[in-house]
Amino acid sequence: MIDLERERRETQRELNKPDERPDPSLKITRRTFLHRSLVAGAVTGAATYGWFPLINTLNLAFGAQAPFSFAWISDTHLYPKTVNTRFVEKATRAVKEVQAMKPAADFLMFGGDLAQLADPVELRLGNDILKEITIKKHFIPGEHDWYLDMGKTWVSLFGNSPWTFEHKGVQFIGLDTVSRAPDYWSATKMSPKERMGHMATLDGSVAGPWAGVGSDQLQWLSKTLSPLSKDKPIVIFSHNPLYEYYPPWNFWVRDWRQVHEILKPYANVTNIHGHTHQVLYNEIGTMRSIGMLATSWPWPYAPQGVPQLTKPMIRANPGDYFDGVGWAKLNVTAAPKVEHEYMMWRKDVYAEAQVDSGTGDNDNQILRPRVADQMWPYK
Amino acid sequence: MRKILRWRGGLLLLAAFLFVFASRMDHVQAHKEKHTPEQLKAFQDVFMEQVRIGDLLFHGDGDTEKKFDVNLSKTGMACAMCHPFASDTHPHEFPKFQEQIQEFATLRDMINWCIENPNEGERIDVNGPAMKALEAYHYWSNKGSVLDPGKH
Ligand SMILES: [Fe+2]
Ligand SMILES: [Fe+2]
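## Notes on the coordination of the iron ion (ligand 2)
Residues and elements named next belong to chain A.
- With distances of 2.2 to 2.6 Å, the protein atoms coordinating the iron ion (ligand 2) are Asp113 (OD), Glu143 (OE), Glu143 (OE), His239 (NE2) and His275 (ND1).
- Here the donor residues of the iron ion (ligand 2) are spaced in sequence according to D-x29-E-x95-H-x35-H.
- The distance between the iron ion (ligand 2) and the iron ion (ligand 1) is 3.5 Å, with Asp113 acting as a donor to both metals. One end of the pair, Glu143, is in the loop between strand S4 (136-139) and helix H5 (152-158); the other, His275, is in the loop between strand S8 (269-273) and strand S9 (280-284), with 132 residues separating them in the sequence.
- The exposure class assigned to His275 is buried, which follows from its relative accessible area of 0%.

Take a look at the structure:
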């Protein structure tokens, strides 16, 4: 963990320079609740716990030409229906809710990890479920979609990344942060299934630091951004967060420094990511980053590195599989601003007391990486 | 004279008792000898083998489940999918009142609750080899966390 500590200090130094913040006109509101059904009044409670700020809704000055909204679904982790239907139910619920949005969203962003083991059966099942959404759909892959056939089925169904398009004055970019893993399979002659198995084990050690943007895609990003004005509203979708949160679970991209170098001149960048299956918010340099919920299950917060700006989500009830999960709605209003709303399927999204918080365990929780995949006979 | 004899007899009896007691102790306390590095390594190896087995079970390894004749999940989900690095299992906070079970519970009780509920598997023998290995993995993973029994 010494390397990790060093990295983290470096991240702090690099990204949180005192004179470098997102454009100050991008105000974070102190609105406490997302769901209209909820009553206001917890501001003082949270302040007591010293959490800053209350980020339930983000209002970012954005400069869209006309109001519109888009929806985000990711991390459905579908198994074949013969194994379980739990995740199918939840993906279907999210899809129905997106389709029912009034007014309709302009598009759906699917953020990766549609399948659990990249099985074509799972990917096709996902494709079928998503067909119910009739608005335009955009896709980026997750690691669970890729490492059985190295993206063959995924690309045939959902196309290539990266991509970019302009929509009502906002530049949208989709990155592929999963396909550039260093080769961990050839030397030991792994079968495609074994390769996928290691990749699908979040806390495994065999697949290593697989999350990355890669030099070719960095070049593409820099070329794509170069004609844009420096205050152009930019939204970058990625499966992994574009900063360093917790490398052992690939809650990062390994080349976050280069990404930041490229984004530095742009004052109005928002990164929206999946993979972490939890409420997350961070500011790095001039970029804001929002972590989205999964529909499948919530990951616990990592034992270290939870961004200070994150107001943690409430501890999920392991007995209720509709808890701690959901999708997201983003309204780009005429103001102009972006309102981001977590559509979590329970009453409370944010913990008001540490005892109810998803990070509550971290008060007294020292963890170490697993060993069985490093001990003979290897598994 | 008789008094002395009786005293001597008593002394002999005491000596005999002490002898028997000491040899018993010798029998019970196998580590009266200093430990060799080989011995310590053997103890550690036994422990780490249990950690390894527990790790495999915790990560849904089918072969290991077969070997121990357990079925920890019927949903395709493994323990580690909600608890990477055995996080949020907090073995050091048991025993405690466990909300989900609505009872005072041990770590082993909670392991069985997770197997039966979110995982929809079959509960395992609370004193069986699979449970011991799972327990070993939980404690090993959380080593260094401060013992805090009863904490919610
Ligand atoms: Fe995921
Ligand atoms: Fe992922």
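Right, picking up where we left off after that structure.
## Quick word on helix H4 (residues 120-130) of chain A
Residues and elements named next belong to chain A.
- Among the residues of H4, those classed as buried are Glu122, Leu123, Leu125, Gly126, Asn127, Ile129 and Leu130.
- For H4, the secondary structure elements touched by its buried residues are helix H3 (86-99), strand S3 (107-110), S4 and H5.
- Sitting at the amino-terminal end of H4 is Asp119, which places a side-chain oxygen 2.8 Å from the backbone nitrogen of Val121.

## Thoughts on the coordination of the iron ion (ligand 1)
All names here are of chain A.
- Protein coordination at the iron ion (ligand 1): the donors are Asp75 (OD), His77 (NE2), Asp113 (OD) and His277 (NE2), at 2.0 to 2.2 Å from the metal.
- Every donor counted, the four donor atoms about the iron ion (ligand 1) form angles of 87 to 171° at the centre, which fits irregular coordination.
- One chain supplies every donor for the iron ion (ligand 1), spaced along it as D-x1-H-x35-D-x163-H.

## Here's the deal with the sheet that holds strand S5 (residues 163-167) of chain A
All names here are of chain A.
- Spatial ordering of the open sheet is given by S5-S6-S7-S8-S10-S9, a layout of six strands whose pairing is mixed. On the outer flanks of this sheet lie S5 and S9, each paired with one strand and no other. For this sheet the average axis-to-axis angle between neighbouring strands, irrespective of direction, equals 20°.
- The pairing of strand S7 (residues 234-238) with S8 spans five bridges and is parallel. Within the sheet, the bridge partner assigned to Ile236 lies in S8 and is Asn271.
- Here helix H7 (residues 215-225) sits on the sheet and contacts S5, strand S6 (170-174) and S7; the angle it forms with S6, its principal contact strand, is near 170°.

## Observations concerning the pairing of S6(A)
Residue and element names in this part refer to chain A.
- In terms of burial, S6 is largely enclosed, as five of its five residues are buried.
- Here S6 shows a buried face lined by Val170, Phe172 and Gly174 and a second buried face lined by Gln171 and Ile173.
- Note: S5 against S6, five bridges, orientation antiparallel. Among the inter-strand pairings, Thr164 is bridged to a residue of S6, identified as Ile173.

## A few points about the packing of helix H2 (residues 37-58) of chain B against helix H5 (residues 129-141) of chain B
All names here are of chain B.
- H5 packs onto H2 with a crossing angle of 95° between their chain directions and a minimal axis gap of 7 Å. Our classification of the angle between H2 and H5 gives roughly perpendicular. On H5, the residues touching Phe47, Met48, Gln50, Val51, Ile53, Gly54, Asp55, Leu57 and Phe58 of H2 are Pro129, Ala130, Ala133, Leu134, Ala136, Tyr137, His138 and Trp140.
- Here the contact of H2 with H5 is composed, by residue class, of 13 nonpolar, three polar and one charged.

## Focus: the interface of chain B and chain A
- Contact with chain B, which involves 40 residues of that partner, is made by 36 residues of chain A.
- For the chain B and chain A pair, buried surface summed over both sides reaches about 3,200 Å², with 55% attributable to carbon and sulfur atoms.
- For chain B, the biggest contributors to the area lost against chain A are Arg52(B), Met81(B) and Phe85(B); these three give 24% of the whole.
- Measuring nitrogen to oxygen at the nearest pair gives 2.7 Å for the salt bridge that ties Glu120(B) to Arg86(A).
- Linking chain B to chain A there are 18 residue pairs in polar contact (both at pLDDT 80 or more).
- Listed by contribution, the elements that provide at least two residues to the side of chain B that touches chain A are H2 and H5 of chain B.
- Sorting elements by how many residues they give to the side of chain B that touches chain A places H2(B) first, with five residues.
- Class assignment of the residues belonging to the side of chain B that touches chain A gives a composition of 15 nonpolar, 14 polar and 11 charged.

## Remarks on the packing of aromatic side chains
Residues and elements named next belong to chain A.
- The tally for this structure, following the rule as stated, stands at 30 aromatic pairs over all chains.
- Here Phe87 and Trp297 contribute two aromatic rings whose centre-to-centre distance is 5.7 Å and whose plane-to-plane angle is 40°, an arrangement assigned as tilted. With Phe87 in helix H3 and Trp297 in the loop between strand S10 (287-291) and strand S11 (326-333), the pair connects residues that are 210 residues apart, well separated along the chain.
- A centroid spacing of 5.3 Å and a plane angle of 25° characterise the contact between Phe165 and Phe172, whose relative ring orientation is stacked. Taken individually, Phe165 and Phe172 each receive the classification buried, so the pair is uniform in this respect.
- Connected via pairs of aromatic rings, a cluster forms that spans Phe68, Phe70, Trp72, Phe107, Trp163, Phe165, Phe172 and Phe237.

## Examining the side chain of Thr89(B)
Residues and elements named next belong to chain B.
- One can find Thr89 in the loop between helix H3 (62-67) and strand S1 (96-98).
- Thr89 gets classed as buried once you look at its relative accessible area, which sits at 9%.
- Only 2.6 Å separates the side chain of Thr89 from the backbone oxygen of Ala86, close enough to count as a polar contact.
- Apart from residues lying up to four places away in sequence, Thr89 is in contact with Phe58, His83, Phe94, Leu107, His138 and Asn142.

The rules behind these values
- Residues numbered from 1 in each chain as written.
- Chains lettered and ligands numbered in written order.
- Predicted model: local features only at pLDDT ≥ 70, side-chain atom pairs only at ≥ 80, totals over all residues.
- Heavy atoms only, no water.
- Donors = N, O, S within 2.8 Å, 3.2 Å for Na, K, Ca; no water.
- Helix = DSSP H or I, 4+ residues; strand = E, 2+ residues; numbered from the N terminus.
- Buried < 20%, exposed > 50% of the residue type's maximum accessible area, 1.4 Å probe, protein only.
- Contact = heavy atoms within 4.5 Å.
- Polar contact = N/O pair within 3.5 Å; in protein donor to acceptor, adjacent residues only side chain to side chain.
- Tetrahedral: all angles 85-135°; square planar, octahedral: opposite > 155°, others 65-115°.
- Pairing = 2+ DSSP bridges.
- Axes fitted to C-alpha atoms, helices over the stretch in contact; angles between N-to-C directions.
- Parallel < 35°, antiparallel > 145°, perpendicular 65-115°, else oblique.
- Nonpolar A, V, L, I, M, F, W, Y, C, P; charged D, E, K, R; others polar.
- Buried area = accessible area lost by both parts, 1.4 Å probe.
- Salt bridge = Lys/Arg side-chain N within 4 Å of Asp/Glu carboxyl O.
- Phe/Tyr/Trp six-rings, centres within 6.5 Å; stacked < 30°, edge-to-face > 60°.

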